Each structure stands twice: as structure tokens, then as C-alpha cells.
Amino acid sequence: QQQVKQSPQSLIVQKGGIPIINCAYENTAFDYFPWYQQFPGKGPALLIAIRPDVSEKKEGRFTISFNKSAKQFSLHIMDSQPGDSATYFCAARWKYGNKLVFGAGTILRVKS
Amino acid sequence: EPEVTQTPSHQVTQMGQEVILRCVPISNHLYFYWYRQILGQKVEFLVSFYNNEISEKSEIFDDQFSVERPDGSNFTLKIRSTKLEDSAMYFCASSVSGGRGKTQYFGPGTRLLVL
């Protein structure tokens, strides 16, 4: 199954909170897992990405946790700010080509 | 910072008409992609293109769709006879090369509405 399941659909947190977005996949033919951030009217922009041989990657306030055996990965946003309000997509790269398979997206709202 | 550009930003067409969506990938990139996002749904892969040929395509990319790199800068998606269900946001993306870890940079999209 070339699917990536993402949850929750939407999330509201207070400023300074730590929203967590979860993704899961079944097929082991994925070899690279990027997260994209999308603001209204814009295309998805790469936020952070991880390879499956790494369990955690941190860039600024954004952290990916990766559990290869469970085929799950998640995005944590530390000290969230109103400017982080956007739609977040997890994705997985199909290793037999270059296509990205996207999750359904999570609409995040950070309240000030 | 270099970016992928797309034109037009919005396109309204009648069912059965042909549309061409245009993209200018980042200049030193060699791999090009089209994705689409139906309103409220996930972003879906359509096609990837390298060295002037399609390298991969999805089930969505049937005979009604075609892609072309008519010159050294543009990359186009043509839909020959549009259907209502082709209404979506179409994103072009490009990457410097293929392979794991090579970021795909997305354009702002063309919103296509088929009436």
C-alpha cells in the first residue's frame, strides 16, 4: 500500500505549546520522509526531513521523531508561535522512483 | 532565493476544453514533477520528468494528460479534454537531481476550475 496516514486533521494549541503531528506508513519501499509546510495560497515548502536510519532530527524548533520498527514518524513544534499556523503535510519518497506520497495534512492553528 | 514559478495562478475552463499549465522550474534543476490537490484532499503525484522523458507516472496521469519541456526553461502540463473532476490545484515541483534526500521545491500552484 503506497499510503501515508496522517493525524490529527486539525489541531489548535496555545502559543508556546508543543503540537505533535503523527504519520504512519505500511510499505517499506519508502526511503525518505520530508515534512512540508503550506500557507494559504502558497505551494508546500520543505520544513525538515529524515532518513529511516535516523531516529530523531532537530532543526530549530522543529523535531522529527522516527520509529522504523513501528513505521511511524511525527513532527513536534517546540514553543509554537502564531506564525506557525499553517497546514503541515508529512510525505514519504518511493524508493523505486522519486515520487512523494503525501499524508492528508494537518491544519494547525496557534492561538496567541 | 530561486523559486519555482507557475502561470496562470487561476484558470477557469469549460468541460471538454484543452488547458495548458505552465511552470518555470529552478534553473539548475534537472527533475520536474506535477502534483495536484483536489480541494480538501491530499496532494497527489501525477508525473515526473527527466532528460526529456517521463520517468514515472501515476494512475491519474492517463492519455488526457501530457507533459513537455518545450524549451530550456518551461515545463508544461496539458490536459486535452478537461473533465469536471480535473478541478484542482496543480503544483509543479523541481529537484536538482533524483535520489533520496533531494528536496523537491514546489511552485505556488495553478487553481484550475472546470465548469
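Located above this text is the structure these notes cover.
In this text, all values refer to a predicted model and were calculated from it rather than measured experimentally.

Draft legend 1. Local environment of empty space enclosed by the protein. All told, the structure shown has one cavity of 30 Å³ or more when counted by the stated rule. Taken as a whole, the largest cavity holds about 70 Å³ of empty space. Along the walls of the largest cavity sit 15 residues, with Y32, R93 and L100 of chain A together with K102 and Q104 of chain B positioned nearest its centre. Taken together, the residues that form the lining of the largest cavity break down as six nonpolar, seven polar and two charged.

Draft legend 2. Molecular detail of the layout of surface pockets. Quantified by volume, the largest pocket comes out at close to 570 Å³. Residue lining of the largest pocket: 25 residues in total, with Q38 and T87 of chain A together with Q37, L39 and G40 of chain B positioned closest to the centre. The set of elements that each furnish at least two residues to the lining of the largest pocket consists of β9 (86-93) and β11 (106-111) of chain A together with β9 (88-95) of chain B. Of the residues assigned to the lining of the largest pocket, the class counts are eleven nonpolar, twelve polar and two charged.

Draft legend 3. Main features of the pairing of strand β6 (residues 53-57) of chain B. In this sheet, β6 of chain B lies alongside strand β5 (residues 43-50) of chain B in antiparallel orientation, the contact comprising four bridges. Counterpart to F49 of chain B in the pairing with β6 of chain B is I54 of chain B.

Draft legend 4. Molecular detail of the interface of chain B and chain A. Listed by partner, the interface residues are 18 residues for chain B and 22 residues for chain A. Across the chain B to chain A interface the summed buried area is about 1700 Å²; carbon plus sulfur atoms make up 54%. At the boundary of chain B with chain A, the tally comes to zero salt bridges. Counting residues per element, the ones that place at least two in the side of chain B that touches chain A are β4 (31-37) and β5 of chain B. Sort the elements by how many residues they give to the side of chain B that touches chain A and β4 of chain B lands first, with four residues. Residues that form the side of chain B that touches chain A fall into these classes: eight nonpolar, seven polar and three charged.

What counts, and at which threshold
Residues numbered from 1 in each chain as written. Chains lettered and ligands numbered in written order. Predicted model: local features only at pLDDT ≥ 70, side-chain atom pairs only at ≥ 80, totals over all residues. Heavy atoms only, no water. 1 Å grid on protein atoms, 1.4 Å probe; cavity = no way out; pocket = protein on both sides within 12 Å on 5 of 7 lines; lining within 4 Å. Points joined across faces, edges and corners; volume = space filled by probe spheres on them. Nonpolar A, V, L, I, M, F, W, Y, C, P; charged D, E, K, R; others polar. Helix = DSSP H or I, 4+ residues; strand = E, 2+ residues; numbered from the N terminus. Pairing = 2+ DSSP bridges. Contact = heavy atoms within 4.5 Å. Buried area = accessible area lost by both parts, 1.4 Å probe. Salt bridge = Lys/Arg side-chain N within 4 Å of Asp/Glu carboxyl O.

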